[in-house]
Amino acid sequence: MPAAQADARAADHHSARKGDSAMTKDAVGFIGLGAMGRRMVLHLLKAGYEVFVCDPDSDAVAAVAMHGAARCETPRHVADNADIVLVCVPTPDIVEQVVLGNAGIRHGQRAAIVVDHSTTGPSVARRLAQVLAEQGIASLDAPLAGGVAGAQAGTLSVMVGGDLAAYRRCEPVFQAFGRNVVHVGARPGMGQVLKLVNNMIVASTLTTTCEAVLFGIKSGLDAQVLLDMLNASTARSFASEAIVSKTILDRQFDFGFRMDLMRKDLRLFLSEAETVGVPSFAASVSKQFFDRAIAAGHGAEDMTRVAQELEMLAEARIERTA
């Protein structure tokens, strides 16, 4: 390549890395078109973003391509075309492969910021941030809360950790699918810490609420009366109001978050809590119920089916009587 051409390419690459979001919308990459990801992509397209997508599920890619997303073969190809690349995949090892692998995002020629919406834990987030920073790429960890329903409605909570300038550039992107978008700390991994706190509380309150409600039911209380009173009293929680009362009571185990993913998040919580020296008795006990359900073959089912493990032990059911 002639020297002048090489200099021009380097200048273009530098410009793409820095971007000028005040002039035009950033091109967005999205890797991971699962139940949440494909819905988030549709919101980005609706907001007017050019979106480049990659996923091993060709049907999922085709579904968003019909609405205007551009298909890419590898994460690197996404990062060759997009200024900001969002990653939303199930496990930490997949995240690392997508970002750091031989065909990973870090080898792309355009990406300036990588955002991980997956739940990986702070240790992985900090490792990715360090590697990407060495190549001049900013990194944000931005796990989500709100489940499939929130992704569908565009009302997700987005908990963002990392460089404030990178966050400000990405904030309009997050607002395309999020209602509660917050920068929770400049240190990489802070978004992941908050997400693990959130999911540990959800898992623990779900199991303890089911356990207590089953006691009440087996002692003679009507399930509906019991839950109505709980939800008007000091014991109310997201688990009692939005999960037990609105899904489990009607025997609808479809909250929108897989059993094996919740167990994975509890494992991450326990590991990270041990690292910082915080006791985690409740998380450990809650995880055992998810372990039991997964051992029985329910790992790919909805997390709310953990209630059935408690029901079998109690020989009672949380259900309407009329």
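You'll find the structure just up there.
Figured I'd write up the structure that's included with this text. Computed from a predicted model, the values in this text were never measured in an experiment. (Residues numbered from 1 in each chain as written. Predicted model: local features only at pLDDT ≥ 70, side-chain atom pairs only at ≥ 80, totals over all residues. Heavy atoms only, no water.)

**Section: the overall build of the protein**
- The helix and strand inventory of the protein stands at 14 helices and 9 strands.
- Expressed as lengths along the three principal axes of its C-alpha atoms, the size of the protein is roughly 85 × 45 × 35 Å.
- Considering only contacts within the protein whose residues lie at least 6 apart along the sequence, 68% involve residues at least 24 apart.
- On the protein, the mean spot of the 31 positive side-chain charges and the mean spot of the 35 negative ones are 1 Å from each other. (Helix = DSSP H or I, 4+ residues; strand = E, 2+ residues; numbered from the N terminus. Contact = heavy atoms within 4.5 Å. Lys, Arg positive; Asp, Glu negative; His and termini not counted. Charge placed at Lys NZ, Arg CZ, Asp CG, Glu CD.)

**Remarks on the side chain of Lys195**
- Within the element layout of this structure, Lys195 appears in helix α9 (residues 190-218).
- Asp265 is the oppositely charged side chain nearest to the buried, salt-bridge-free Lys195, at an N-O distance of 4.8 Å. (Buried < 20%, exposed > 50% of the residue type's maximum accessible area, 1.4 Å probe, protein only. Salt bridge = Lys/Arg side-chain N within 4 Å of Asp/Glu carboxyl O.)

**Some points on the packing of helix α12 (residues 259-276) against helix α13 (residues 281-295)**
- Between α12 and α13, the shortest axis-to-axis distance is 9 Å and the interhelical angle comes to 150°. The orientation of α12 relative to α13 falls into the category roughly antiparallel. For the crossing formed where α12 meets α13, the hand is left-handed. From α12, Met259, Asp260, Met262, Arg263, Leu266, Arg267, Phe269 and Leu270 reach across to α13, where they touch Ala283, Ser284, Ser286, Lys287, Phe290, Asp291, Ala293 and Ile294. (Axes fitted to C-alpha atoms, helices over the stretch in contact; angles between N-to-C directions. Parallel < 35°, antiparallel > 145°, perpendicular 65-115°, else oblique. Left-handed = near helix turned anticlockwise from the far one by under 90°.)

**Comments concerning the packing of α9 against α12**
- The N-to-C vectors of α9 and α12 enclose an angle of 120°; their axes lie 9 Å apart at closest approach. Taken together, the axis directions place α9 and α12 in an arrangement best described as oblique. By crossing handedness, the relation of α9 to α12 is classed as left-handed. For the pair α9 and α12, the contacting residues are Leu196, Val197, Asn199, Met200, Val202 and Ala203 in the first and Met262, Asp265, Leu266, Leu268, Phe269 and Glu272 in the second.
- Considering only residue class, the contact of α9 with α12 consists of 9 nonpolar, 1 polar and 2 charged. (Nonpolar A, V, L, I, M, F, W, Y, C, P; charged D, E, K, R; others polar.)

**Considering the environment of Ala283**
- Tracing the chain through its elements places Ala283 in helix α13.
- With a relative accessible area of 0%, Ala283 lands in the buried category.
- With residues up to four places along the chain from it excluded, the contact list for Ala283 reads Met200, Ser204, Leu266, Phe269 and Leu270.

**Let's talk about the pattern of salt bridges**
- Inspection of every chain in the model, using the stated rule, returns 12 salt bridges.
- Linking Arg320 and Asp250 is a salt bridge whose minimum nitrogen-to-oxygen distance equals 2.4 Å. Placement of Arg320 in the segment after α14 (306-314) and of Asp250 in the loop between α11 (238-244) and α12 is noted, with a sequence separation of 70 residues between them.
- By relative accessible area, which is 35% here, Arg320 ends up partly exposed.
- In the salt-bridge network here, residues are joined through shared partners; they are Arg263, Lys287 and Asp291.

**Focus: helix α6 (residues 122-133)**
- Relative to the 16 Å expected for 12 residues at 1.5 Å per residue, α6 spans 16 Å between its end C-alpha atoms, a close match to the ideal helical length.
- The complete set of buried residues in α6 reads Pro122, Val124, Ala125, Leu128, Ala129, Val131 and Leu132. (Expected span 1.5 Å × (residues − 1).)

**Description of the packing of aromatic side chains**
- For the structure shown, the criterion picks out 3 aromatic pairs.
- Following the ring pairs from residue to residue traces out a cluster consisting of Tyr167, Phe174 and Phe177.
- Against the face of Tyr49 rests Lys25, its NZ or CZ located 4.3 Å from the ring centre. (Phe/Tyr/Trp six-rings, centres within 6.5 Å; stacked < 30°, edge-to-face > 60°. Lys NZ or Arg CZ within 6 Å of the ring centre and 35° of its normal.)

Without other data, these values stay purely geometric and don't point to any function.
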